[in-house]
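Close look at the chain arrangement
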Amino acid sequence: MPLLEVERLSKRFGGVRAVHEVSFTLDEGELLGIMGPNGSGKTTLFNLIAGALRPNAGRVRLQGRDIAGLSPHRVCASGVARTFQLVRPFAGLSALENVLVGRLYGRARDGDAAAEARRLLGLVGLGDRAAEPAARLTLIDRKRLELARALATGPRLLLLDEFMAGLNPAETASAMELIRSLVAGGTTVLMVEHIVWALMDLARRILVLSAGETIADGSPAVVAADPRVVDVYLGTTDRWTPAT
């Protein structure tokens, strides 16, 4: 059984079809990338999976259980965690306290919460910043903190929404290594990213959305050669050539 099954998922806002009959599966331990132009439905799809929006039609199953339409906190307790393109730490709390919030409200609540929070801060590269207020962290470190907070919930599935947005090339490379280490450790990742060359380097499989519909689903090489993807999104090779 796949870890995640999305079946003919649809969401409308008035007369606008934001997501229309999108279907895919995600196996445990896999990293699936999602890309497409602005307005293609990527964030809406994330919001439907994470419980921020209720679908008009379709199903979202996590390990066979339908979670479509559940509230965000119940989806989180079921094992789905997410990060946001615009990071949202609790600015007045320390890095350690931010991670403890995830630990207290997520699926994983057993054991020594503080010890686990410190372990996760070390995992993302913030082991020496535990006492520092989140407001003082740089953008890349706030992203690392949000990732640690998401991991503290004990997710079966991690949703990364443009995790590398706003990072310079060196920070992007560091973020990519962090994501690789999570997948190597068994974390299942569904990832939206506009830095196409990074997504193609990380993912073995990519889903492409346009106007709310799936137009391609396959390996990076297959997707990059698809005329529909080139026409609506890639255009030239500039979008998927690594930055120098």
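If you're wondering where the values come from, they're calculated on a predicted model, not measured in any experiment.

What follows deals with the environment of Glu7. In this fold, Glu7 is placed in strand E1 (residues 4–13). Judged by its relative accessible area of 37%, Glu7 is partly exposed. Sequence-wise, Glu7 and Ala52 are 45 residues apart; in three dimensions their C-alpha atoms are separated by 18 Å. Sequence-distant contacts of Glu7, that is, excluding residues within four places in its chain, are made with Val22, Ser23, Gly58, Arg59 and Arg61.

To continue, consider unusual backbone geometry. Its identity as a non-glycine residue notwithstanding, Arg8 has a phi of 50°, on the positive side. You can see Arg8 is positioned in strand E1. Residue class for Arg8 comes out partly exposed when judged on its relative accessible area of 48%. Within the chain, Gln63 stands out as a residue other than glycine whose phi angle is a positive 50°. By secondary structure assignment, the location of Gln63 is in the loop between strand E4 (57–62) and strand E5 (65–66).

Taken as a whole and assessed by the stated rule, the structure comprises zero aromatic pairs. Positioned above the aromatic ring of Phe84, the side-chain terminus of Arg88 is 4.3 Å from the ring centre. One Lys or Arg, Lys143, reaches over the ring of Phe163 and ends 6.0 Å from the middle of that ring.

For the rest of this paragraph, the subject is the pairing of strand E3 (residues 31–35). Burial runs high along E3: five of the five residues are buried. Of the two faces of E3, both are covered, the one formed by Leu31, Gly33 and Met35 as well as the one formed by Leu32 and Ile34. As paired strands, E3 and strand E8 (residues 188–192) are joined by four bridges and run parallel to one another. Paired with Leu32 across the two strands is Leu190, which belongs to E8. Here E3 pairs with strand E9 (residues 205–210) via four bridges, running parallel. Across the sheet, Ile34 pairs through a bridge with Leu207, a residue of E9.

Looking now at the sheet that holds E9. In space, the six strands of this open sheet follow the order E6-E7-E8-E3-E9-E10, with mixed pairing throughout. The open sheet has two edge strands with one neighbour each: strand E6 (80–82) and strand E10 (213–218). The sheet shows a mean angle of 20° between the axes of neighbouring strands, direction not considered. Strand direction decides the pairing type here: strand E7 (residues 157–161) and E8, joined by five bridges, are parallel. Bridging across to E8, Leu160 finds its partner in Met191. Sheet strands in contact with helix H1 (residues 42–50) are E3, E6, E7, E8 and E9, and its direction is about 150° off that of E7.

Here we come to the sheet that holds strand E2 (residues 16–26). Pairing within the open sheet is antiparallel, and its four strands lie in the order E2-E1-E4-E5. A single partner strand is all that each edge strand has here, and the edge strands are E2 and E5.

Time to look at helix H3 (residues 95–105). Here H3 has its buried residues at Ala95, Leu96, Asn98, Val99, Gly102 and Arg103. The buried residues of H3 all sit within an arc of 165° when viewed along its axis, so they share a single face. Exposed residues pointing more than 90 degrees away from the buried face of H3 are listed as Leu104 and Tyr105. Check the buried side of H3 and you find it contacts helix H4 (113–123) and helix H5 (139–152).

Turning our eyes to something else, we now look at the pattern of salt bridges. Summed over the entire model, instances satisfying the criterion amount to 15 salt bridges. The shortest N-O distance in the salt bridge between Glu7 and Arg61 comes to 2.7 Å. Here Glu7 is found in strand E1, whereas its partner Arg61 is found in strand E4, with 54 residues between them in sequence. Among the ionic pairs, Asp66 bridges to Arg59, the shortest N-O distance being 3.2 Å.

Rules behind the numbers
Residues numbered from 1 in each chain as written. Predicted model: local features only at pLDDT ≥ 70, side-chain atom pairs only at ≥ 80, totals over all residues. Heavy atoms only, no water. Helix = DSSP H or I, 4+ residues; strand = E, 2+ residues; numbered from the N terminus. Buried < 20%, exposed > 50% of the residue type's maximum accessible area, 1.4 Å probe, protein only. Contact = heavy atoms within 4.5 Å. Phe/Tyr/Trp six-rings, centres within 6.5 Å; stacked < 30°, edge-to-face > 60°. Lys NZ or Arg CZ within 6 Å of the ring centre and 35° of its normal. Pairing = 2+ DSSP bridges. Axes fitted to C-alpha atoms, helices over the stretch in contact; angles between N-to-C directions. Arc of directions from axis to C-beta. Salt bridge = Lys/Arg side-chain N within 4 Å of Asp/Glu carboxyl O.

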